[in-house]
Amino acid sequence: MNAIADQENSQKEQDLSKMKRNALILLGFAVMLFVVAVFYDIDWLKAFSEAAMVGGIADWFAVVALFRHPLGIPIPHTALIPNNKDKIGVNLGNFVSDEFLTREKLEVKIEQFNVATKASNWLIDRKNADTVANLIVENVIPGVLKTIDDTEVQYFIQAQFTDKLSKVNFGEWMAVGLESLAKSEKQEELVTNVLKTLIVELQNNKHVIEEKVKSSTPFLSFGLADKKIAEGVFNGLYDFLEQASHQNSAIRKKVNDYVVHFIIELRDSPEMQQKVNDLVLGFANKKEVQDYISGIWLEIKTAIANDLGLKEESTIKKSITNLIQSFGKGIQADQLMMDKINNFIKNDVLSVLINNKKMIGDLISSTVKSWDTDEVAEKLELEIGSDLQYIRINGTLVGGLVGLLIYAVEILLHSFVS
């Protein structure tokens, strides 16, 4: 924004210098005409150039006197704006508060303006939505990310995670889930699959049983009993799992009864539910889990920064732009909301302005009074100085024409007298 303002001021300075130069060139041309008129004794040209010089110099004096002392000479009633800055501020504040901040005038303007329609149309426009989105992704979001303390956020996430978990009865949830499973065919299928998996794993790890048996038997047996014992353990486990895998076996019935008993106990026993909850919370409080949860924020923050770095291709920016446009369309589609916005501006905001119009006037007055006198003169000259140079140009031209007219009248009168 500052760069744009500096560029605009630079352009205004160039325009002001150009207009001052044009006015001075025209005055110089009038001086040249006067020299020619005197040298060649051309009366009408002399009358024109004299009046043009007088008009140009007089209007130069008038324009300069608004902003400063002409030629630095403190002539009375010059440098009008700097010398009357405080009075201008008071009059401007009174003028705004008395003439503009009246309910009758503002109500008419607000109704004509239709804030809700104008605002929603502005938001719907893709260019405006992009402008707001750019402002958010370039300034707001990075600024927020920089001000956030990562340690505090991580602690907050950990605390919230633990707090939410502590309020959940995982034992009860598990009981409900297992009870639903037990009432369906899936429970039988699940037990069968588990038993078959155990059989496969038992076969794949037969050598582990042999090594365990060998390490546990006396050294003096010279390994003679190791193999028989290992075979016996393996075959016993295998036969047990094999029988249990058949749906009609007694072992399978005991397994099913145990599952049903466990579900009932889990459903009806607060102590069992608490054990399950403590188990979940104990797992959640492990350092590895807490570190993982803490790392979520850093991953989110990195992902946001990487996305914002894509500029126009940023998913966040596109989403914000679409959200702004959707918000504008939503307002226009809701007539009740449109009426509420317009009534809010008309009643609430208007009342605030009316009730504080004296304070607004005083604010304008005090603001103008606080300005540096030279700075005020420079700023005003920068804003209106280019147009004021036309007064000098017109003064030179009109003065010359008036001088020529006076000369013509003088010749005419002389002809009548003669």
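Quick caveat: nothing in here was measured; it's all calculated off a predicted structure. (Residues numbered from 1 in each chain as written. Predicted model: local features only at pLDDT ≥ 70, side-chain atom pairs only at ≥ 80, totals over all residues. Heavy atoms only, no water.)

What about the overall build of the chain?
Then step 1. Helices and strands together make up the secondary structure of the chain, namely 19 helices and zero strands.
Then step 2. In terms of overall dimensions, the chain is more spread out than a globule: its C-alpha atoms have a radius of gyration of 47 Å, far above the 22 Å expected for 418 residues.
Then step 3. When the backbone C-alpha atoms are referred to their principal axes, the chain occupies close to 160 × 55 × 35 Å.
Then step 4. With 418 residues in all, the chain has 28% of them scored as buried. (Helix = DSSP H or I, 4+ residues; strand = E, 2+ residues; numbered from the N terminus. Rg over C-alpha atoms; globule rule 2.2 N^0.38 Å. Buried < 20%, exposed > 50% of the residue type's maximum accessible area, 1.4 Å probe, protein only.)

So, the packing of helix 6 (residues 115-124) against helix 16 (residues 315-333)
Then step 1. Orientation of helix 6 relative to helix 16, taken along the N-to-C sense of each, is 150°, at an axis distance of 7 Å. Our classification of the angle between helix 6 and helix 16 gives roughly antiparallel. Along this stretch, helix 6 crosses helix 16, giving a crossing that reads as left-handed. Packed against helix 6, whose contacting residues are T117, S120, N121, L123 and I124, the element helix 16 presents I324, Q325, F327, G328, K329, I331 and Q332 at the interface. (Axes fitted to C-alpha atoms, helices over the stretch in contact; angles between N-to-C directions. Parallel < 35°, antiparallel > 145°, perpendicular 65-115°, else oblique. Left-handed = near helix turned anticlockwise from the far one by under 90°. Contact = heavy atoms within 4.5 Å.)

What about unusual backbone geometry?
Then step 1. Positive phi values are uncommon outside glycine, yet N114 reaches one of about 55°.
Then step 2. Along the chain, N114 turns up in the loop between helix 5 (103-113) and helix 6.
Then step 3. Judged by its relative accessible area of 26%, N114 falls in the partly exposed class.
Then step 4. Backbone geometry places K311, a non-glycine residue, at a positive phi of 55°.
Then step 5. Within the element layout of this structure, K311 appears in the loop between helix 15 (287-308) and helix 16.
Then step 6. Assessed through its relative accessible area of 57%, K311 is described here as exposed.

Examining the pattern of salt bridges
Then step 1. For the structure shown, the criterion picks out 13 salt bridges.
Then step 2. For D130, the salt bridge goes to K317, with nearest N and O atoms at 3.0 Å. Of this pair, D130 sits in helix 7 (residues 126-147) while K317 is found in helix 16, placing the two residues 187 residues apart along the sequence.
Then step 3. For D163, the salt bridge goes to K167, with nearest N and O atoms at 3.3 Å.
Then step 4. When salt bridges with common partners are traced through the structure, they connect R126, D130, E312 and K317 into a single cluster. (Salt bridge = Lys/Arg side-chain N within 4 Å of Asp/Glu carboxyl O.)

Examining the nonpolar core
Then step 1. In this structure, L123, A129, A133, V137, I141, L145, V153, W297, L308, I320 and I324 together form the largest nonpolar core, which totals 11 residues.
Then step 2. When residues of this core are traced back to their parent elements, those giving at least two are helix 7, helix 15 and helix 16.
Then step 3. Here this core takes five residues from helix 7, the largest share from any one element.
Then step 4. Once residues lying within four places of it in the same chain are set aside, the contact partners of A133 are K317, I320, T321 and I324.
Then step 5. I199, L202, L241 and A244 belong to the second largest nonpolar core, which has nine residues in total. (Core = buried A, V, L, I, M, F, W, Y, C linked by side-chain atoms within 4.5 Å.)

With respect to the side chain of N277
Then step 1. With respect to the secondary-structure elements, N277 resides in helix 14 (residues 270-284).
Then step 2. Given the relative accessible area of 10%, N277 is considered buried.
Then step 3. With residues near it in sequence (within four places) discarded, N277 still touches V168, N169, F170 and G171.

Some words on the confidence of the model for the chain
Then step 1. Overall, the predicted model of the chain reaches an average pLDDT of 83, with 93% of residues at or above 70.
Then step 2. Mean pLDDT values over the elements of the chain span from 72, in helix 11 (residues 206-216), up to 93, in helix 2 (residues 43-67). (pLDDT = per-residue confidence, 0-100.)

A short note on the packing of aromatic side chains
Two measures describe an aromatic ring pair: the distance that separates the ring centres and the angle between the ring planes.
Then step 1. As enumerated under the stated definition, the model contains one aromatic pair in all.
Then step 2. Relative to Y40, the ring of F39 has its centre 4.9 Å away and its plane inclined at 80°; by these criteria the two rings are edge-to-face.
Then step 3. Owing to a relative accessible area of 65%, F39 belongs among the exposed residues under this scheme. (Phe/Tyr/Trp six-rings, centres within 6.5 Å; stacked < 30°, edge-to-face > 60°.)

Overview of the environment of E378
Then step 1. Here E378 is to be found in helix 19 (residues 373-417).
Then step 2. Exposure remark for E378: the relative accessible area of 55% places this residue in the exposed category.
Then step 3. Spatially, the C-alpha atom of E378 lies 7.6 Å from that of F67, the residues being 311 residues apart in sequence.

Considering a nonpolar patch on the surface
Then step 1. Taken together, V36, F39 and Y40 make up a surface patch of nonpolar side chains, about 370 Å² in accessible area.
Then step 2. Here Y40 is to be found in helix 1 (residues 2-40). (Patch = residues over 30% accessible without salt bridge, like charges linked within 9 Å, V, L, I, M, F, W, Y side chains within 5 Å. Areas by Shrake-Rupley, 256 points an atom, 1.4 Å probe, with all protein chains shown as cover.)

Describing the environment of V90
Then step 1. Inspection of the secondary structure assignment puts V90 in helix 4 (residues 85-100).
Then step 2. On the basis of relative accessibility, which here comes to 31%, the residue V90 falls in the partly exposed class.
Then step 3. Separated by 324 residues in the primary sequence, V90 and H414 have C-alpha atoms spaced 56 Å apart.

Quick notes on the environment of W60
Then step 1. Residue placement: W60 occurs in helix 2.
Then step 2. Along the backbone, W60 and V144 are 84 residues apart, and their C-alpha atoms lie at a distance of 55 Å.
Then step 3. Dropping the residues within four chain positions of it, W60 is found in contact with P70, L71 and R392.

Comments concerning the side chain of S120
Then step 1. The residue S120 is located in helix 6 in this model.
Then step 2. Given a relative accessible area of 1%, S120 falls into the buried group.
Then step 3. Only 2.8 Å separates the side chain of S120 from the backbone oxygen of A116, close enough to count as a polar contact.
Then step 4. Setting aside its immediate chain neighbours within four residues, S120 contacts G328, I331, Q332 and M338. (Polar contact = N/O pair within 3.5 Å; in protein donor to acceptor, adjacent residues only side chain to side chain.)

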